[in-house]
Amino acid sequence: MPTYQAPLRDYQFILNELLTINNKTELAGFDEVDSELVDAILQGVADFTTEVMLPLNGVGDIQGCKLVDGKVITPDGFKDAYQQYVDNGWATLTSDPDFGGQGLPEVVGVFATEMNTSTNMAFAMYPGLTHGAYAAIHAHGSDQLKNKYLEKLVSGEWTGTMNLTESHAGTDLALLRTKAQEVGDDTYTISGEKIFISSGDHDLAENIVHLVLARLPDAPAGVKGISLFAVPKFLVDDDGSLGAQNGVQTAALEHKMGIHGNSTCVMVFDGALGELIGEPHQGLRAMFTMMNEARLGVAVQGLGVSEIAYQNALEYAKERIQGRGLSGVKSPDKAADSILVHGDVRRMLMAQKTFNEGARALLGQQALWIDESHRHQDAAQATNAAKLAALFTPVAKGFVTDQGFKACVDAQQVFGGHGYIHEWGMEQFVRDSRIAMIYEGTNGVQALDLVGRKLLADGGAALTLWSDQLKPFLAEHMGNEAMKEYIVALMDASTDLEKATHFIVANAQKNPDIIGAASMPYMQIFGITALAWMWSRMAVVSLDAIASGQGDKAFYENKLRGAKFYMHYWAVQTRSLRKQVEASSQLLTEFDESHF
């Protein structure tokens, strides 16, 4: 069975030294969060995930979920583990205290989510989707709706889902057919079929609150005519007790590549009773609250599975002996050297390590922007943080899951033939992580969103906000000889990003198809540059810590080695990607169907 060691020291470094969350007195509630409390919470999550969730990861993969007499049964041990999860309060970490939550910042919760995902991605999806449903109702629901559902969703006693996809319409929600009809007393009947519904049914909780997109009879065509409804599996009486089962049925379980321990369902709504969330025909706005929450969660999945895959690949590389080092024997007392002496194994492992640590820092920054957007006492600063979070959402989801999957493949490759065999767990990591590139909007859609909406639609305003942070950082540290190689590499990458941006802006108006053709390599440039920015910032912190004589010198020196490798291995890739944007995008738009 794979092993796992929670990266708690890295969390401390990011939270306390890089993002300095203890100094964020301008953010409401941050003064109540100290390092000792955060350390205790993250240690508790680490213990729970390692001791309870990890042993069930392989069980869930082998057994999967079963549909028996219209009800879904989860793998052995899941129900008991979920009850422990709820009893321990792990479901409540970042939710509103008014509804039973602990009110912790998202920047702390994001690392709890990483540990959940590393140890058991399929299991972690049940509370993850529930938190998304909570966020949508919390942001857009009436007081009556909040009082009816939120306390149970926050505690984890009830779970939640997101019901968007229909068989004829994937990403194109304008084609949605599910219908809603008002029947009085702010109640509606919902009829239609949804597919690919994660956590759609299960035996973990006594009720499931489905958030369902549907059309009212007077709805305008397209996405402007979509409304969002809360549709419980069991009806909820006025006193909060559960009544009869609603008109919701699980028609089938999807047979899928990975995340077998999570129930992916075909859901049929046949006159099911539901309540409107927000205003009529404004459902997409409310659902995007849930989806943006989910997209950060999916980005964390890309990192979380990559991290556990890396840890096990590293351990295997240290223990597996095969061949001799090209420069000579390294372990004369053994029949062969460990495969860690081989250059390509080192390349794969260090590429994984530096991606993971850079992505972890970036997702921490993304979560902090989300916190700032909700908690900053200065409204203008909160607005700017919201814009930055929106800009980086497709980058976090798209780039991190793309590269996280590739990191899992590299980790599997380190194992050689053993990586292809189920008992080592590596092939499960590859299968599980693959879905993160697909759901919550495929990564191609994320790239299109980055270019079409976040770059062009607002005239580059959000990108300018980031540039206003990046350029002063470069100027501040350019004269520091110890920072030179990091700053030069970051400047080169950011220049490639700037040139790629100018190319798209200059050509998109005369040929809009350029946007789609250039968007994926552009997103990769953006992601690589963003991680170079985080690695440069981590280098500054590490150099200062060493200069001041802080303890744990080996940790900071290792950070600097990681920063150096990232700049010379990852950051240099922006040049070829930029050339790809400039050279191939126009060609792609010129092909017709017969050329494929």
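Read on for an overview of the structure. The written sequence of each chain sets the order in which its residues are numbered from 1. At least 70 in pLDDT is required for a residue's local features to be given in this predicted model, at least 80 for side-chain atom pairs to be given and counted, and no such filter applies to totals for whole chains, interfaces and linings, which use all residues. The side-chain quantities take in all heavy atoms of the structure and omit both hydrogens and water.

Labels follow the DSSP assignment, with helices taken as runs of H or I lasting at least four residues and strands as runs of E lasting at least two, numbered in each case from the N terminus. Counting its regular elements, the chain contains 15 helices and 11 strands. For the chain, whose C-alpha radius of gyration is 24 Å, the value lies close to the compact-globule estimate of 25 Å for 596 residues. By principal-axis analysis of the C-alpha atoms, the chain measures approximately 75 × 60 × 60 Å. The buried share among the 596 residues of the chain stands at 57%. Here a residue-residue contact requires only that any non-hydrogen atoms of the pair lie within 4.5 Å. Partitioning the intrachain contacts of the chain with sequence separation of at least 6 by distance along the chain shows that 75% fall at a separation of at least 24. Of the accessible surface of the chain, which amounts to about 24500 Å², a share of 52% is contributed by carbon and sulfur atoms. We count Lys and Arg on the positive side and Asp and Glu on the negative side, and we leave His and both chain ends out. Working definition for charges: the position is that of NZ of Lys, CZ of Arg, CG of Asp or CD of Glu. Of the charged side chains in the chain, 46 are positive and 73 negative; the average position of the first set lies 8 Å away from that of the second. We take the radius of gyration over the C-alpha atoms and set the globule estimate at 2.2 Å times the residue count to the 0.38 power. Only protein chains enter the accessibility calculation, which uses a 1.4 Å probe. A residue is then buried if its area is under 20% of the maximum for its type, exposed if over 50%, and partly exposed in between. Note that accessible areas follow from Shrake-Rupley with a 1.4 Å probe, and for residues the cover is restricted to the protein chains shown.

Aromatic contacts are taken between Phe, Tyr and Trp rings whose centres are within 6.5 Å, Trp giving its six-membered ring; a plane angle under 30 degrees counts as stacked, one over 60 as edge-to-face, and the others as tilted. Counted under the stated rule, the structure contains 27 aromatic pairs. A centroid spacing of 6.1 Å and a plane angle of 35 degrees characterise the contact between Phe355 and Trp570, whose relative ring orientation is tilted. Taken as a pair, Phe355 in helix H7 (residues 343–375) and Trp570 in helix H14 (residues 553–570) lie far apart in primary sequence, 215 residues in all. Judged on exposure class, the residue Phe355 and its partner Trp570 are both buried. Ring geometry for Tyr522 against Phe526: centres 6.2 Å apart, planes inclined by 70 degrees, an arrangement best described as edge-to-face. Residue Tyr522 and its partner Phe526 are both found in helix H13 (residues 513–547); the two are separated by four residues, about one turn of the helix. By relative accessible area, Tyr522 is classed as buried at 1%. Its relative accessible area of 1% is what places Phe526 among the buried residues. A ring is scored as having a charge over it whenever the NZ atom of a lysine or the CZ atom of an arginine sits within 6 Å of its centre and within 35 degrees of its normal. Here the guanidinium or amino end of Arg9 rests over the ring plane of Phe555, the centre of that ring lying 4.1 Å away. The ring of Trp533 carries the charged tip of Arg537 above its face, separated from the ring centre by 4.5 Å.

Residues enter patches when they are more than 30% accessible in relative terms and free of salt bridges; like-charged ones are connected within 9 Å and nonpolar ones (Val, Leu, Ile, Met, Phe, Trp, Tyr) within 5 Å. The term salt bridge refers to a pairing of a side-chain nitrogen on Lys or Arg with a carboxyl oxygen on Asp or Glu at a separation within 4 Å. Taken together, the side chains of Leu587, Leu588, Phe591 and Phe596 make up a nonpolar region of the molecular surface, amounting to roughly 460 Å² of accessible area. On the secondary structure map, Phe596 appears in the segment after helix H15 (573–590).

Turning next to the nonpolar core. Grouped together as the largest cluster of nonpolar side chains are 160 residues, with contacts concentrated most on Trp466, Tyr522 and Phe526. Element by element, the count of residues in this core is highest for H13, at 19 residues. Definition used in this section: a nonpolar core is a set of buried Ala, Val, Leu, Ile, Met, Phe, Trp, Tyr and Cys residues joined via side-chain atoms within 4.5 Å.

Here the structure, examined in full by the defined rule, presents 23 salt bridges. Across the pair Asp10 and Arg360 runs a salt bridge whose closest N-O atoms are separated by 2.8 Å. Highlighted residues: Asp10 in helix H1 (residues 8–18) and Arg360 in helix H7, separated in sequence by 350 residues. The pair Asp10 / Arg360 is uniform in exposure class, with both members buried. In this structure, the salt-bridge partner of Arg431 is Asp61, at a minimum N-O distance of 2.8 Å. Of the two residues, Arg431 is situated in helix H9 (residues 426–434) and Asp61 in helix H2 (residues 35–63); the sequence distance between them amounts to 370 residues.

The criterion for a disulfide is a pair of cysteine sulfur atoms lying within 2.5 Å. Per the stated rule, a full pass over the model turns up zero disulfides. Free of any disulfide, Cys65 has its nearest neighbouring cysteine sulfur in Cys265, separated by 7.6 Å. Judged by its relative accessible area of 16%, Cys65 is buried.

Moving on: the pairing of strand S9 (residues 242–245). Look at any regular strand and the pattern is simple: side chains alternate between the two faces of the sheet. Pairing between two strands is assigned when DSSP locates at least 2 bridges connecting them. Looking at chain direction, strand S8 (residues 234–236) and S9 are connected through two bridges and run antiparallel. Its bridge partner lying in S9, Phe234 is registered against Gln245. Following S8, the chain reverses through five residues before pairing antiparallel with S9; Gly240 in that reversal takes a positive phi of roughly 90 degrees.

Compared with the 48 Å implied by 1.5 Å per residue over 33 residues, the 47 Å span of H7 between its first and last C-alpha is a close match. H7 sits mainly inside the fold: 25 of its 33 residues count as buried. Helix span is expected to be 1.5 Å times the residue number reduced by one.

To continue, consider the pairing of strand S6 (residues 207–214). Within S6, eight of the eight residues are buried, which leaves the element mostly enclosed by the surrounding structure. Because side chains alternate across S6, one face comprises the buried residues Asn207, Val209, Leu211 and Leu213, and the other comprises Ile208, His210, Val212 and Ala214, equally buried. Relative to S6, strand S3 (residues 158–163) runs parallel, the two sharing six bridges. Directly across from Gly160, in S6, lies its bridge partner Val209.

Below, the discussion takes up the environment of His210. Here His210 shows up in strand S6. Separated by 65 residues in the primary sequence, His210 and Glu275 place their C-alpha atoms 11 Å from one another. In contact with His210, other than residues within four places in its own chain, are Thr161, Asn163, Gly200, Phe229, Ala230, Val231, Lys233, Val248, Met267 and Phe269. A polar contact of 2.8 Å, which involves the side chain of His210, links it to the side chain of Thr161. For the purposes of these results, a polar contact is taken to be a pair of N or O atoms within 3.5 Å, where, inside protein, one atom must be able to donate a hydrogen and its partner to accept one; residues adjacent in sequence count only when each atom of the pair is a side-chain atom.

As a further point, take unusual backbone geometry. Phi is positive for His281, which is not a glycine, with a value near 70 degrees. With respect to the helices, strands and loops of the structure, His281 is situated in the loop between strand S11 (264–277) and helix H6 (283–319). In this structure His281 comes out as buried when scored by relative accessible area, which is 18%.

Turning our attention to helix H8 (residues 379–414). Along its 36 residues, H8 runs 49 Å from first to last C-alpha, staying within 8% of the 52 Å computed at 1.5 Å per residue. Bending is quantified residue by residue as the angle between axes fitted to the seven-residue window ending at that residue and the seven-residue window starting at it. When the local axis directions of H8 are compared, the greatest deviation, roughly 35 degrees, occurs at Phe392, which is followed within four positions by the proline Pro394. Looking at where H8 begins, the residue whose side-chain oxygen comes 2.9 Å from the main-chain nitrogen of Ala380 is Asp378. Immediately downstream of H8, the backbone of Gly416 shows phi near 60 degrees, a positive value.

Turning to the side chain of Thr161, a few remarks are in order. With respect to the helices, strands and loops of the structure, Thr161 is situated in strand S3. Assessed through its relative accessible area of 0%, Thr161 is described here as buried. Here Asn163 takes part through its side chain, which lies 2.8 Å from a polar atom of the side chain of Thr161.

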